[in-house]
Amino acid sequence: KDITKEIITEKELRAFIRFIIDNQTVVNLSLLFMLLSGLRVGEMSTLKFDDFISDTSFKVQRTETFYKKGDKWVYEVSDRPKTDAGIRTAFIPQQYAWIVKKLRKLNPFSEYVCSKNGKRIRSYSLRNHLYGICRKLPEFTEEKSTHKLRKTFCSILLDQGFDNNFIISVMGHTDIKTSEQYYHFDRKSDMQKQAMIDNIVEFKIV
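All values derive from a computational prediction rather than experimental measurement.

With respect to the helices and strands, the residue L106 is situated in helix α4 (residues 98–106). Here the alpha-carbon distance between L106 and T25, two residues 81 residues apart in the chain, equals 8.1 Å. When sequence neighbours within four positions are dropped, the list of residues in contact with L106 reads Q24, T25, V26 and L29.

In structure tokens form, the structure reads like this:
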């Protein structure tokens, strides 16, 4: 696979964050929150303000489910996590604590973090909105899904050398093999790889 299609590249990431900061709507901030925390789209859609332990840590304990009833899709909140990993604690960086405060300000009377006019925003709306951002920003060569925000988050943790137990706990995985095999993609540019090769101590004999 073309790795750049599986994750948000560094160039895309910078443009994406700048765009969100300049356009602080509920949906935009929710997408940035997903990138910073590794949340699944169904988890973001059902996250409640009551789930927060602090400004930057929160419990992930429900997800969105959907099924077809007749000609219509029905979206519901499931009061249980998506996988056998169970309820988990997740985090966002301290420097982004302002996002939660801003979302609360935008939703002063809603129980759900991701809501508009008192109504919970469905996962498909988040996906479609991200596609729209990708089409708008010239740094993106194609549309990226919300799942690729999650893959990017996991790749960054693995590249930074975080402990395996920490990674699977915040990702909601039951095995580090899942994180490594399906969520770890090399985000380094050719220039960065060249610099790493150039700095190998064992080769600096001449």
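So, about the packing of aromatic side chains. Evaluation of the coordinates by the stated rule reveals eight aromatic pairs. Between F33 and F58, the ring centres sit 5.2 Å apart and the planes meet at 45 degrees, which makes this aromatic pair tilted. Of this pair, F33 sits in helix α2 (residues 26–37) while F58 is found in strand β1 (residues 57–60), placing the two residues 25 residues apart along the sequence. A single burial state applies to F33 and to F58, both of which are buried. Ring-pair connections join several aromatic residues into one group, and the members of that group are F66, W73, Y75 and Y124. Between R104 and the ring centre of F49, over which it is positioned, the NZ or CZ distance is 3.8 Å. Between the NZ or CZ atom of R120 and the centre of the ring of Y112, over which it lies, the distance is 6.0 Å.

All right, on to the pattern of salt bridges then. If you walk through the whole model with that rule in mind, you get ten salt bridges. A salt bridge links K48 to E111; its shortest N-O distance comes to 3.3 Å. Taken together, the positions of K48 in the loop between α3 (41–45) and β1 and E111 in the loop between α4 and β5 (115–116) put the pair 63 residues apart, joining distant regions of the chain. On the basis of relative accessibility, which here comes to 45%, the residue E111 falls in the partly exposed class. Among the ionic contacts, a cluster of salt bridges with common partners joins R40, E43 and R88.

Turning next to the layout of surface pockets. In this structure, the largest pocket occupies an estimated 290 Å³ of space. Taken together, 16 residues make up the lining of the largest pocket; nearest its centre are L35, L36, P93, F153 and I156. When residues of the lining of the largest pocket are traced back to their parent elements, those giving at least two are α1 (10–22), α2, α6 (146–159) and α7 (164–171). Class assignment of the residues belonging to the lining of the largest pocket gives a composition of 14 nonpolar, two polar and no charged. The volume enclosed by the second largest pocket comes to roughly 230 Å³. Every residue lining the second largest pocket is counted, 16 residues in all, and those nearest its centre are R40, V41, G42, K82 and R127.

Calculation rules
- Residues numbered from 1 in each chain as written.
- Predicted model: local features only at pLDDT ≥ 70, side-chain atom pairs only at ≥ 80, totals over all residues.
- Heavy atoms only, no water.
- Helix = DSSP H or I, 4+ residues; strand = E, 2+ residues; numbered from the N terminus.
- Contact = heavy atoms within 4.5 Å.
- Phe/Tyr/Trp six-rings, centres within 6.5 Å; stacked < 30°, edge-to-face > 60°.
- Buried < 20%, exposed > 50% of the residue type's maximum accessible area, 1.4 Å probe, protein only.
- Lys NZ or Arg CZ within 6 Å of the ring centre and 35° of its normal.
- Salt bridge = Lys/Arg side-chain N within 4 Å of Asp/Glu carboxyl O.
- 1 Å grid on protein atoms, 1.4 Å probe; cavity = no way out; pocket = protein on both sides within 12 Å on 5 of 7 lines; lining within 4 Å.
- Points joined across faces, edges and corners; volume = space filled by probe spheres on them.
- Nonpolar A, V, L, I, M, F, W, Y, C, P; charged D, E, K, R; others polar.

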